[in-house]
Amino acid sequence: MGQNIKPIEIVNSDYDEYLSIQYAFTNVCNYKCSYCWPESHSGTSRWPDYDIICKNFDHLISVYKEHFNKKTVRFHLLGGEPTLWPKLGDFAKFIYDKHGCRMTMSTNGSRTVRWWNEYSEYFNDIQVSVHHEECDVEHVKQVLDTIYNKGTVMTAASVLMDPKAWDKCVSIVEELCNHPTPWVVKTKMLVEVEGDERSQINQDYLPEHIEFMRDKMKRFPPQAYIDKMKELGNIELAKTAAKIIMSDGSVHPYSTFNIYENKLNSFLGWNCNIGKDRVTVQANGRLQGSCSELKVFGNETFFIHDEDFTEKFTPDVIKPVTCSVPFCGCSAEIRLPKKKNV
């Protein structure tokens, strides 16, 4: 890409009939990782009212299905640590039974093997984040084995690669890859959350670190397992239909990693489909963007905890919005359809 050639549009047909919901229903966590966003473990938001959020999410999903042709819904749970919520299994089962959502979850995997044996069946895909500062690697392996051996849940370990403890993180990746049960192993880079370079790749990474993480997938399960997960609808396709249109009219394959690496993740003033194709609900119940965009529904503000949510949240509030944040640090929101205002 030439120095003066910049992205002007991201097109992505993945979202034509697909809605993404990310629900961080708590910021209570039993880990306190130094590189984690402070709000993710501040403990200020505990558990939502089960009956109210079931009613409100039922309404929200119905609006998108009936008015925006969203035939497939991926519902992703995270926190804090989501498995600490006593009603987690009941909620996942309600959403799946009512709307057939593909239920996924990010977790630190710290609950007992007995807990995972009982509740993991409520999910299609479970991503266990491996944190070198806090986790018991042997326990993580037992948990991943338990989920994988269910035979119905896509199972992955995602190692957070801390540049300040690089050798230790690489050692954990190697140990997980050498474990005989062949669940997925991948790496995850850290991004900056403060200052002028907010949401850029962590500045402590060396070139060799970046190269190691460029191919984040470090181990795949057997093809027979992959085929079964595809048959069950448990796998989100690794490839995306997203393309980047440049200011000279050229079209390039989409790569989130390249966008971060080349610092092209500023979409300030662009029209973005956040709110139209993706809904993020924070621990305080507010519907907003993972990128910190607050006005995903124009000047309207919605909280999933509100008792009158079903009366307030109507189809007419759902439309593309003008981005008001300096940088986009959420890979899922970077690849949303968006276009630069000329």
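A. Up close: the pattern of salt bridges. Applying the stated criterion across every chain yields a total of 13 salt bridges. With a closest N to O distance of 2.8 Å, Asp58 and Lys98 form a salt bridge. Of this pair, Asp58 sits in helix H1 (residues 50-68) while Lys98 sits in helix H2 (residues 88-99), placing them 40 residues apart in sequence. Here Lys98 falls in the partly exposed class, since its relative accessible area comes to 44%.

B. Representation of the sheet that holds strand E2 (residues 18-24) within the structure. Taken together, the nine strands give an open sheet; going across it, the order is E8-E7-E6-E5-E4-E3-E2-E12-E13, and neighbouring strands pair in mixed fashion. Only two strands of the sheet have a single partner each, and these edge strands are strand E8 (217-219) and strand E13 (287-288). Here E2 pairs with strand E3 (residues 72-78) via seven bridges, running parallel. Within the sheet, the bridge partner assigned to Ser20 lies in E3 and is Arg74. Of the strands in this sheet, strand E5 (125-130) and strand E6 (154-161) are in contact with helix H4 (residues 137-148), which crosses E6 at around 155°.

C. Highlighting the nonpolar core. Among the nonpolar cores identified, the biggest contains 98 residues, and Phe75 and Phe313 are the most heavily contacted of them. Per element, the largest residue contribution to this core is eight residues, and it comes from H1. Apart from the residues lying within four places of it in its own chain, the contact partners of Phe75 are Ile21, Tyr23, Phe57, Ile61, Phe91, Ile95, Cys101, Arg102, Met103 and Thr104.

D. Structural detail: unusual backbone geometry. Cis geometry is adopted by the peptide bond preceding Gly80, which originates at Gly79 and carries an omega value of 20°. The phi dihedral of Lys263 is positive, around 55°, even though this residue is not glycine. Residue position: Lys263 is located in the loop between helix H8 (256-261) and strand E11 (271-272).

E. Quick peek at empty space enclosed by the protein. Counting across every chain of the model gives one cavity of 30 Å³ or more. Estimates place the volume of the largest cavity at around 80 Å³. Taken together, Phe267, Cys272, Ile274, Cys291, Glu293, Cys323, Val325, Cys328, Glu333 and Lys338 form the lining of the largest cavity. Taken together, the residues of the lining of the largest cavity sort by class into seven nonpolar, no polar and three charged.

F. Geometry of the packing of helix H5 (residues 166-177) against helix H6 (residues 207-214). Orientation of H5 relative to H6, taken along the N-to-C sense of each, is 20°, at an axis distance of 12 Å. As judged from the angle between their axes, H5 and H6 are roughly parallel. When you trace H5 past H6, the crossing you get is left-handed. Contact residues: Trp166, Val170 and Val173 in H5; His209, Phe212 and Met213 in H6. Counted by class, the contact of H5 with H6 contains five nonpolar, one polar and no charged residues.

G. Representation of the sheet that holds strand E1 (residues 7-11) within the structure. Reading across the sheet, the six strands line up as E10-E9-E1-E15-E11-E14 and stay open at both edges, with antiparallel pairing between neighbours. One side of each edge strand has no neighbouring strand; the edge strands of this open sheet are strand E10 (251-253) and strand E14 (321-322). Bridging between E1 and strand E15 (residues 338-339) involves two bridges; their strand directions are antiparallel. Looking at the pairing, Ile10 lines up with Lys338 of E15.

Quick notes on the rules
- Residues numbered from 1 in each chain as written.
- Predicted model: local features only at pLDDT ≥ 70, side-chain atom pairs only at ≥ 80, totals over all residues.
- Heavy atoms only, no water.
- Salt bridge = Lys/Arg side-chain N within 4 Å of Asp/Glu carboxyl O.
- Helix = DSSP H or I, 4+ residues; strand = E, 2+ residues; numbered from the N terminus.
- Buried < 20%, exposed > 50% of the residue type's maximum accessible area, 1.4 Å probe, protein only.
- Pairing = 2+ DSSP bridges.
- Contact = heavy atoms within 4.5 Å.
- Axes fitted to C-alpha atoms, helices over the stretch in contact; angles between N-to-C directions.
- Core = buried A, V, L, I, M, F, W, Y, C linked by side-chain atoms within 4.5 Å.
- 1 Å grid on protein atoms, 1.4 Å probe; cavity = no way out; pocket = protein on both sides within 12 Å on 5 of 7 lines; lining within 4 Å.
- Points joined across faces, edges and corners; volume = space filled by probe spheres on them.
- Nonpolar A, V, L, I, M, F, W, Y, C, P; charged D, E, K, R; others polar.
- Parallel < 35°, antiparallel > 145°, perpendicular 65-115°, else oblique.
- Left-handed = near helix turned anticlockwise from the far one by under 90°.

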